[in-house]
Amino acid sequence: MAPLLETRALRSAYGRIEVLHGIDLHVTEGEIVALVGANGAGKTTLMRCLSGVQPVTGGEVVFRGQSLSRVPGHRRAGLGLSQSPEGRQIFGELSVDDNLRLGAWSTDRRRMSQGMEEAFALFPMLREKRALPAGSLSGGQQQMLAIARALMAEPVCLLLDEPTMGLAPALIDEIFDVITRLRDRGMTVLLVEQNAFGALSIADRAYVLESGHVTLAGPAADLIQDDRMRAAYLGL
Ligand code: ATP
(Lines give C-alpha, C1' and ligand atoms only; values in the text may rest on other atoms or scores of the structure.)
Protein backbone atom coordinates (compact mmCIF):
# COMPACT_ATOMS: atom_id res chain seq x y z
CA MET A 1 0.00 0.00 0.00
CA ALA A 2 1.29 3.49 -0.82
CA PRO A 3 2.13 5.50 2.29
CA LEU A 4 -0.37 8.07 3.44
CA LEU A 5 2.30 10.38 4.80
CA GLU A 6 5.99 10.41 3.91
CA THR A 7 9.07 12.48 4.46
CA ARG A 8 11.75 12.19 1.81
CA ALA A 9 15.29 13.25 2.74
CA LEU A 10 13.71 15.97 4.89
CA ARG A 11 16.02 18.67 6.20
CA SER A 12 15.31 21.59 8.46
CA ALA A 13 17.38 24.24 10.22
CA TYR A 14 17.21 27.06 12.73
CA GLY A 15 19.22 29.80 11.07
CA ARG A 16 22.41 28.16 9.85
CA ILE A 17 22.15 25.24 12.21
CA GLU A 18 20.67 22.20 10.56
CA VAL A 19 18.78 19.99 13.04
CA LEU A 20 17.14 17.44 10.69
CA HIS A 21 19.69 15.87 8.38
CA GLY A 22 17.66 14.00 5.79
CA ILE A 23 14.78 12.12 7.40
CA ASP A 24 13.02 9.34 5.50
CA LEU A 25 9.95 7.97 7.15
CA HIS A 26 6.49 6.89 6.16
CA VAL A 27 3.13 6.24 7.74
CA THR A 28 0.69 3.85 6.09
CA GLU A 29 -3.07 4.18 6.44
CA GLY A 30 -4.43 2.68 9.66
CA GLU A 31 -1.12 2.54 11.51
CA ILE A 32 0.09 4.08 14.72
CA VAL A 33 3.69 5.07 14.07
CA ALA A 34 5.74 6.24 17.04
CA LEU A 35 8.64 8.65 16.80
CA VAL A 36 10.84 8.41 19.86
CA GLY A 37 14.14 9.94 20.89
CA ALA A 38 15.84 12.01 23.57
CA ASN A 39 15.31 15.70 24.26
CA GLY A 40 16.61 17.77 21.39
CA ALA A 41 16.69 14.89 18.88
CA GLY A 42 14.45 16.86 16.51
CA LYS A 43 11.05 15.26 17.06
CA THR A 44 9.14 18.49 17.54
CA THR A 45 10.94 20.13 14.62
CA LEU A 46 9.90 17.21 12.42
CA MET A 47 6.27 17.51 13.51
CA ARG A 48 6.39 21.23 12.81
CA CYS A 49 7.69 20.52 9.31
CA LEU A 50 4.75 18.18 8.78
CA SER A 51 2.20 20.71 9.94
CA GLY A 52 3.88 23.43 7.90
CA VAL A 53 4.94 25.86 10.60
CA GLN A 54 8.65 25.09 10.27
CA PRO A 55 10.53 25.77 7.03
CA VAL A 56 11.90 22.76 5.19
CA THR A 57 15.40 23.35 3.83
CA GLY A 58 15.71 20.15 1.81
CA GLY A 59 13.66 17.15 0.74
CA GLU A 60 9.91 17.13 1.05
CA VAL A 61 6.79 16.05 2.88
CA VAL A 62 4.35 14.02 0.78
CA PHE A 63 0.76 13.49 1.91
CA ARG A 64 -1.72 11.34 -0.03
CA GLY A 65 0.70 11.34 -2.94
CA GLN A 66 0.92 15.13 -3.07
CA SER A 67 4.03 17.14 -2.20
CA LEU A 68 3.22 19.65 0.55
CA SER A 69 6.17 21.88 -0.35
CA ARG A 70 3.85 24.55 -1.68
CA VAL A 71 0.97 23.95 0.72
CA PRO A 72 1.01 26.42 3.63
CA GLY A 73 0.32 25.19 7.15
CA HIS A 74 -3.17 26.65 7.38
CA ARG A 75 -4.29 24.62 4.35
CA ARG A 76 -2.97 21.28 5.57
CA ALA A 77 -5.78 20.59 8.04
CA GLY A 78 -8.19 20.92 5.13
CA LEU A 79 -6.28 18.17 3.31
CA GLY A 80 -6.73 15.87 6.29
CA LEU A 81 -3.54 16.39 8.30
CA SER A 82 -4.34 17.58 11.80
CA GLN A 83 -2.00 18.26 14.68
CA SER A 84 -2.43 18.38 18.42
CA PRO A 85 0.65 20.38 19.34
CA GLU A 86 3.05 19.91 22.23
CA GLY A 87 1.91 22.03 25.16
CA ARG A 88 -1.75 21.68 24.12
CA GLN A 89 -2.46 25.33 23.25
CA ILE A 90 -5.96 25.30 24.61
CA PHE A 91 -7.82 28.61 24.88
CA GLY A 92 -8.24 28.74 28.64
CA GLU A 93 -10.89 31.44 28.84
CA LEU A 94 -13.13 29.82 26.25
CA SER A 95 -15.49 27.00 27.13
CA VAL A 96 -14.74 23.40 26.27
CA ASP A 97 -17.46 23.59 23.60
CA ASP A 98 -15.95 26.68 22.01
CA ASN A 99 -12.50 25.12 21.96
CA LEU A 100 -13.96 22.16 20.10
CA ARG A 101 -15.79 24.40 17.64
CA LEU A 102 -12.54 26.21 16.89
CA GLY A 103 -11.02 22.91 15.82
CA ALA A 104 -13.68 22.25 13.21
CA TRP A 105 -12.60 22.68 9.65
CA SER A 106 -16.12 22.70 8.30
CA THR A 107 -18.66 25.23 9.51
CA ASP A 108 -21.51 22.93 8.47
CA ARG A 109 -23.66 22.80 11.64
CA ARG A 110 -24.71 19.19 11.25
CA ARG A 111 -21.11 17.99 10.83
CA MET A 112 -20.02 20.22 13.68
CA SER A 113 -22.53 18.73 16.12
CA GLN A 114 -21.77 15.23 14.87
CA GLY A 115 -18.06 15.88 15.49
CA MET A 116 -18.83 17.08 19.00
CA GLU A 117 -20.91 13.99 19.72
CA GLU A 118 -18.01 11.82 18.60
CA ALA A 119 -15.61 13.79 20.79
CA PHE A 120 -17.91 13.33 23.79
CA ALA A 121 -18.28 9.62 23.07
CA LEU A 122 -14.50 9.31 23.09
CA PHE A 123 -14.01 11.53 26.14
CA PRO A 124 -17.22 11.48 28.26
CA MET A 125 -15.56 13.83 30.74
CA LEU A 126 -15.62 16.61 28.14
CA ARG A 127 -19.39 16.44 27.91
CA GLU A 128 -19.72 16.95 31.66
CA LYS A 129 -17.42 19.97 31.49
CA ARG A 130 -18.56 21.35 28.16
CA ALA A 131 -19.75 24.71 29.51
CA LEU A 132 -16.73 25.32 31.75
CA PRO A 133 -13.69 27.39 30.79
CA ALA A 134 -11.06 25.05 29.34
CA GLY A 135 -8.51 26.59 31.70
CA SER A 136 -10.34 25.06 34.66
CA LEU A 137 -9.68 21.51 33.41
CA SER A 138 -6.81 19.44 34.79
CA GLY A 139 -3.71 18.88 32.67
CA GLY A 140 -4.89 15.47 31.53
CA GLN A 141 -8.35 16.77 30.68
CA GLN A 142 -6.83 19.60 28.66
CA GLN A 143 -4.76 17.06 26.78
CA MET A 144 -7.91 15.14 25.95
CA LEU A 145 -9.53 18.37 24.80
CA ALA A 146 -6.52 19.07 22.57
CA ILE A 147 -6.86 15.65 20.93
CA ALA A 148 -10.62 16.05 20.60
CA ARG A 149 -10.13 19.45 19.01
CA ALA A 150 -7.66 18.02 16.48
CA LEU A 151 -10.28 15.37 15.63
CA MET A 152 -12.90 18.07 14.97
CA ALA A 153 -11.01 18.86 11.76
CA GLU A 154 -12.02 15.37 10.53
CA PRO A 155 -8.43 14.37 9.84
CA VAL A 156 -7.24 11.43 7.81
CA CYS A 157 -3.99 11.48 9.76
CA LEU A 158 -3.51 12.75 13.30
CA LEU A 159 -0.17 14.16 14.46
CA LEU A 160 0.23 13.98 18.23
CA ASP A 161 3.20 15.68 19.88
CA GLU A 162 3.87 14.33 23.37
CA PRO A 163 0.24 13.79 24.36
CA THR A 164 1.20 12.21 27.70
CA MET A 165 3.73 14.83 28.76
CA GLY A 166 3.42 15.72 32.43
CA LEU A 167 0.45 13.45 33.11
CA ALA A 168 -0.17 11.04 35.98
CA PRO A 169 0.21 7.33 35.08
CA ALA A 170 -3.53 6.57 35.08
CA LEU A 171 -4.15 9.38 32.62
CA ILE A 172 -1.22 8.29 30.46
CA ASP A 173 -2.89 4.89 30.13
CA GLU A 174 -6.17 6.56 29.25
CA ILE A 175 -4.59 8.67 26.50
CA PHE A 176 -2.81 5.65 25.02
CA ASP A 177 -6.06 3.72 25.19
CA VAL A 178 -7.90 6.43 23.26
CA ILE A 179 -5.17 6.52 20.61
CA THR A 180 -5.50 2.75 20.20
CA ARG A 181 -9.28 3.05 19.89
CA LEU A 182 -8.87 5.72 17.21
CA ARG A 183 -6.54 3.46 15.25
CA ASP A 184 -8.98 0.58 15.60
CA ARG A 185 -11.62 2.82 14.03
CA GLY A 186 -9.34 3.43 11.06
CA MET A 187 -7.48 6.58 12.06
CA THR A 188 -3.80 6.91 11.14
CA VAL A 189 -1.62 8.36 13.87
CA LEU A 190 1.93 9.67 14.04
CA LEU A 191 2.81 9.85 17.71
CA VAL A 192 5.82 11.69 19.13
CA GLU A 193 6.67 10.50 22.62
CA GLN A 194 9.37 10.70 25.23
CA ASN A 195 7.58 7.82 26.94
CA ALA A 196 9.20 5.32 24.60
CA PHE A 197 7.91 2.22 26.33
CA GLY A 198 4.31 3.40 26.31
CA ALA A 199 4.53 4.53 22.70
CA LEU A 200 6.09 1.26 21.51
CA SER A 201 3.45 -0.68 23.42
CA ILE A 202 0.64 0.76 21.31
CA ALA A 203 2.45 1.49 18.03
CA ASP A 204 2.59 -0.72 14.97
CA ARG A 205 5.97 0.64 13.89
CA ALA A 206 8.44 3.13 15.26
CA TYR A 207 11.39 5.32 14.36
CA VAL A 208 14.15 6.40 16.70
CA LEU A 209 15.52 9.86 16.08
CA GLU A 210 18.99 10.81 17.36
CA SER A 211 20.57 14.20 16.66
CA GLY A 212 18.46 14.71 13.57
CA HIS A 213 19.01 11.24 12.06
CA VAL A 214 16.84 8.12 12.07
CA THR A 215 19.03 5.54 13.80
CA LEU A 216 16.58 2.68 14.27
CA ALA A 217 13.29 1.79 12.64
CA GLY A 218 11.00 -1.20 12.48
CA PRO A 219 7.98 -2.95 13.92
CA ALA A 220 7.38 -1.69 17.45
CA ALA A 221 7.29 -5.26 18.78
CA ASP A 222 10.82 -5.82 17.43
CA LEU A 223 12.17 -2.53 18.76
CA ILE A 224 10.94 -3.34 22.27
CA GLN A 225 13.23 -6.38 22.09
CA ASP A 226 16.19 -4.51 20.56
CA ASP A 227 19.19 -4.33 22.90
CA ARG A 228 20.23 -0.80 21.88
CA MET A 229 16.67 0.40 22.30
CA ARG A 230 16.28 -1.27 25.66
CA ALA A 231 19.50 0.20 27.00
CA ALA A 232 19.13 3.72 25.63
CA TYR A 233 15.41 4.42 25.81
CA LEU A 234 13.52 1.81 27.73
CA GLY A 235 15.65 1.71 30.87
CA LEU A 236 15.68 -2.08 30.71
P1 ATP B 1 11.98 17.92 22.97
O2 ATP B 1 11.41 16.63 23.35
O3 ATP B 1 12.80 18.55 24.04
O4 ATP B 1 10.97 18.87 22.37
P5 ATP B 1 12.83 17.28 20.33
O6 ATP B 1 13.34 15.94 19.97
O7 ATP B 1 11.45 17.59 19.98
O8 ATP B 1 13.06 17.58 21.85
P9 ATP B 1 13.48 19.69 18.93
O10 ATP B 1 12.69 20.53 19.86
O11 ATP B 1 12.94 19.44 17.58
O12 ATP B 1 13.81 18.29 19.61
O13 ATP B 1 14.94 20.30 18.82
C14 ATP B 1 15.93 19.84 17.89
C15 ATP B 1 17.16 20.75 17.96
O16 ATP B 1 16.80 22.03 17.51
C17 ATP B 1 17.71 20.93 19.37
O18 ATP B 1 19.12 20.96 19.28
C19 ATP B 1 17.18 22.27 19.79
O20 ATP B 1 18.08 22.89 20.69
C21 ATP B 1 17.11 23.03 18.49
N22 ATP B 1 16.02 24.01 18.48
C23 ATP B 1 14.70 23.77 18.73
N24 ATP B 1 13.97 24.89 18.62
C25 ATP B 1 14.83 25.88 18.29
C26 ATP B 1 14.70 27.27 18.02
N27 ATP B 1 13.51 27.89 18.07
N28 ATP B 1 15.82 27.98 17.72
C29 ATP B 1 17.03 27.36 17.67
N30 ATP B 1 17.24 26.07 17.89
C31 ATP B 1 16.15 25.32 18.20
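This text follows the structure it describes.
Keep in mind that this is a model prediction, so the values were computed, not measured.

What counts and what doesn't
Residues numbered from 1 in each chain as written. Predicted model: local features only at pLDDT ≥ 70, side-chain atom pairs only at ≥ 80, totals over all residues. Heavy atoms only, no water. Near = heavy atom within 4 Å. Polar contact = N/O pair within 3.5 Å; in protein donor to acceptor, adjacent residues only side chain to side chain. Areas by Shrake-Rupley, 256 points an atom, 1.4 Å probe, with all protein chains shown as cover. Helix = DSSP H or I, 4+ residues; strand = E, 2+ residues; numbered from the N terminus. Nonpolar A, V, L, I, M, F, W, Y, C, P; charged D, E, K, R; others polar. 1 Å grid on protein atoms, 1.4 Å probe; cavity = no way out; pocket = protein on both sides within 12 Å on 5 of 7 lines; lining within 4 Å. Points joined across faces, edges and corners; volume = space filled by probe spheres on them.

K.L.:
Explanation requested: the site of the ligand in the structure shown.
P.N.:
Around the ligand, a shell composed of 13 residues is seen, among which Gly 40, Gly 42, Lys 43, Thr 44 and Thr 45 lie nearest. Within the contact set of the ligand, an oxygen atom lies 2.9 Å away from a side-chain nitrogen or oxygen of Lys 43. In the model, an oxygen atom of the ligand is placed 3.1 Å from a nitrogen or oxygen of the Gln 194 side chain. Protein contact buries 57% of the 630 Å² of open area that the ligand shows by itself. Take the shell around the ligand: its biggest share by element is 3 residues, from helix H1 (residues 43–51). A per-class count over the shell around the ligand returns 4 nonpolar, 6 polar and 3 charged.

K.L.:
I keep staring at the layout of surface pockets and nothing clicks. Help me out?
P.N.:
Estimates place the volume of the second largest pocket at around 300 Å³. Around the second largest pocket, the lining comprises 14 residues; the ones closest to its centre are Glu 118, Leu 151, Glu 154, Arg 185 and Met 187. Elements that contribute at least two residues to the lining of the second largest pocket include exactly helix H4 (109–122) and helix H6 (139–152). If one sorts the elements of the lining of the second largest pocket by residue count, H4 sits on top with 6 residues. Among the residues making up the lining of the second largest pocket, the classes are represented as 8 nonpolar, 2 polar and 4 charged.

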